[in-house]
Amino acid sequence: MTTDTDAHDPAADGWTLVEDKGFIAHVGPLHVRGADGAYAFQADQKHANLIGVVHGGMLMSFADRALGETAMRAADGANCVTIQLEMKFIDVGRLGDWIEIRPQVVKRTGSLVFMRGDVRDGTRLLASADGVWKILRRRPS
């Protein structure tokens, strides 16, 4: 569990808060760094599973958001929705970890964006994510 003395100062390292009143508000806060497009969060007690490490669902939600926002930028700002997301869990995230992902656009077609990213705590690889986002021509009703 993090304490005030060991908490990471995101702003000091160029991170800005991702503003969201929807689902991410419940599982965040998430941060984004404009310089390289990376996303991050600091693992806290609310992110824990039954054995006291970061829940896999949190890592998937985190990857989905980071890759999805990057897919929308790759689609020139068009809305995109996740049509496939695969996660491979490699190591555990621990409470207090500063967990990052640097999304990569693998390919963009006229209707799809293929994405990937590695979820890390520093150099330690926690998971890898691969997915496909559908570019929408109009907003969902």
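Details of the structure are given in the entry above.
This write-up is about the structure you can find in this document. (Residues numbered from 1 in each chain as written. Predicted model: local features only at pLDDT ≥ 70, side-chain atom pairs only at ≥ 80, totals over all residues. Heavy atoms only, no water.)

### A closer look at the overall build of the chain
Which entries qualify depends on this criterion: Strands are runs of DSSP state E lasting at least 2 residues, helices are runs of H or I lasting at least 4, and numbering of each runs from the N terminus. Only C-alpha atoms enter the radius of gyration, while the globule expectation follows 2.2 Å times N to the 0.38, with N the number of residues. Think of it in three bands: with a 1.4 Å probe and only protein chains considered, a residue is buried below 20% of the maximum accessible area for its type, exposed above 50%, and partly exposed in between. Any pair of residues with heavy atoms lying within 4.5 Å of one another is described as a contacting pair. All accessible-area figures derive from a Shrake-Rupley calculation using a 1.4 Å probe, and residue coverage is judged against the displayed protein chains alone.
A tally of regular secondary structure across the chain gives two helices and eight strands. For the chain, whose C-alpha radius of gyration is 15 Å, the value lies close to the compact-globule estimate of 14 Å for 141 residues. C-alpha atoms of the chain, sized along the principal axes, occupy 45 × 30 × 30 Å. By residue count, 43% of the 141 residues in the chain fall in the buried class. Excluding contacts between residues fewer than 6 apart, the proportion of contacts in the chain whose partners are at least 24 apart in sequence is 60%. For the chain, the accessible area works out to roughly 7800 Å², and carbon and sulfur atoms hold 54% of it.

### Comments concerning helix α2 (residues 56-74)
What counts here: One less than the number of residues in a helix, times 1.5 Å, gives the span that helix is expected to have.
Taking 1.5 Å per residue as the helical rise, α2 with its 19 residues ought to reach 27 Å, and the 27 Å between its terminal C-alpha atoms agrees with that figure. Those residues of α2 that sit buried are Met58, Leu59, Ser61, Phe62, Ala63, Arg65, Ala66, Leu67, Gly68, Glu69, Thr70 and Ala71. Immediately beyond the C-terminal end of α2, within one or two residues, lies Asp76, with a positive phi of roughly 55°.

### Some remarks on the packing of aromatic side chains
For clarity, the threshold we go by: The aromatic pairing rule takes the rings of Phe, Tyr and Trp, using the six-membered ring of Trp, and pairs them if the centres are within 6.5 Å, calling planes under 30 degrees apart stacked, those over 60 edge-to-face and the rest tilted.
Taken as a whole and assessed by the stated rule, the structure comprises two aromatic pairs. Here Trp15 and Trp98 contribute two aromatic rings whose centre-to-centre distance is 5.5 Å and whose plane-to-plane angle is 75°, an arrangement assigned as edge-to-face. Linking Trp15 in strand β1 (residues 15-17) with Trp98 in strand β5 (residues 98-101), this pair joins segments that are 83 residues apart in sequence. The exposure classification of Trp15 matches that of Trp98, with both residues buried.

### Things to note about the nonpolar core
Where we set the bar: The set of buried Ala, Val, Leu, Ile, Met, Phe, Trp, Tyr and Cys residues whose side-chain atoms join them within 4.5 Å is what this entry labels a nonpolar core.
Ranked by internal contacts, the top residues of the largest apolar core, which has 30 residues, are Phe41, Phe62, Ile99, Ile101 and Val119. Only α1 (23-27), β3 (38-42), α2, β4 (80-89), β5, β7 (112-121) and β8 (124-135) provide two or more residues apiece to this core. When residues of this core are assigned to their parent elements, the largest contribution, seven residues, is made by α2. When residues no more than four places from it in sequence are discounted, the contact partners of Ile101 are Ala38, Tyr39, Phe62, Ala63, Ala66, Leu67, Gly117, Asp118 and Val119.

Just distances and angles here, no functional claims.
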